[in-house]
Amino acid sequence: MQLRLDKYLADMGVGTRSEAKQYIRRKQVTVNGFLPKGPEQKVVPGRDEIVFEGKQLCYLEYEYFMLNKPKNCVSAVTDQYHKTVIDFITEKSRRDLFPVGRLDLDTEGLMLITNDGSLAHELLAPGKHVPKTYYAKVEGRVTDEDVRKFANGLEIGEKKLTLPAELRILFSDAGDGLSLKEPISEIELTITEGKFHQVKRMFEAVGKHVTYLKRISIGELNLDHSLHPGEYRRLTETEIKLLKNQRKTVVGKEKP
Ligand code: URA
């Protein structure tokens, strides 16, 4: 792959495309030890040695990070009012990173951040049905009846019922019948769609309210629980392969 030197520099986060052009003109960049002819000079990442202000650059075509998204940050690249998930990724080479999908402002947990558009498409396209698992605290007593309702599909104001979802009760406050306190349940829920506020709306459909929500997995990729909210790390090669080999699955069944 060949690309223009100014694009290479911009991709590597050295500056914008026009800043990169200026650095080249001001002789702050060398290619294989020589001053380049101009910003349009073609370079081959991995073969040519590009040095900016004495530091050799290492070209990365794709970057993959997992962030434990904290509350009060938006799943966007830029935002006027809030910190974005991209703002947390301080050690990055690429300037074209974006979050794969969205979590609500008050939802925490696994956020995948990359510049690999085709992987993002594989994970997000509605027809792919990649499972996503959430941990939630719910006001109210989640019951086996709810488990059945989630498995059968719920009416949440969309054209169709939700697809079968796997609800697992981790803890459901049986209450003593005397206490005035609202019972609280803890659950895990696996869904294979990504409708707006889907988890919260599914619980509202059975008369319950989600008070805390955290995504813990996307397909085979699990949140690294050693990451505190706001912390991130690069995906390992194994994790990247797991995501790329993501098989189409529906909850409880595997498609051929
Ligand atoms: N479902 C929700 O209700 N909110 C999220 O952030 C993700 C899934």
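Rules used throughout
Residues numbered from 1 in each chain as written. Predicted model: local features only at pLDDT ≥ 70, side-chain atom pairs only at ≥ 80, totals over all residues. Heavy atoms only, no water. Pairing = 2+ DSSP bridges. Helix = DSSP H or I, 4+ residues; strand = E, 2+ residues; numbered from the N terminus. Near = heavy atom within 4 Å. Polar contact = N/O pair within 3.5 Å; in protein donor to acceptor, adjacent residues only side chain to side chain. Areas by Shrake-Rupley, 256 points an atom, 1.4 Å probe, with all protein chains shown as cover. Nonpolar A, V, L, I, M, F, W, Y, C, P; charged D, E, K, R; others polar.

## Brief notes about the sheet that holds strand 2 (residues 29–31)
Then comes step 1: Strand order across the open sheet formed by three strands is 2-4-5, with antiparallel pairing between neighbours. What marks the edges here is a single partner per strand, and that holds for strand 2 and strand 5 (55–56).
Then comes step 2: Strand direction decides the pairing type here: strand 2 and strand 4 (residues 50–52), joined by three bridges, are antiparallel. Bridge assignment links Val29 to a residue of strand 4, and that residue is Phe52.

## Observations concerning the site of the ligand
Then comes step 1: Looking at the ligand, the residues that line it are Leu103, Asp104, Thr107, Tyr134, His197, Gln198, Val199, Lys200 and Leu213.
Then comes step 2: Taking Thr107, its side chain carries an N or O atom lying 2.9 Å from an oxygen atom of the ligand.
Then comes step 3: At 3.1 Å, a backbone N or O of Val199 approaches a nitrogen atom of the ligand.
Then comes step 4: Starting from 240 Å² of accessible surface for the ligand in isolation, the protein chains cover 95%.
Then comes step 5: When residues of the shell around the ligand are assigned to their parent elements, the largest contribution, three residues, is made by helix 5 (residues 198–205).
Then comes step 6: Classifying every residue of the shell around the ligand by side-chain character gives four nonpolar, three polar and two charged.

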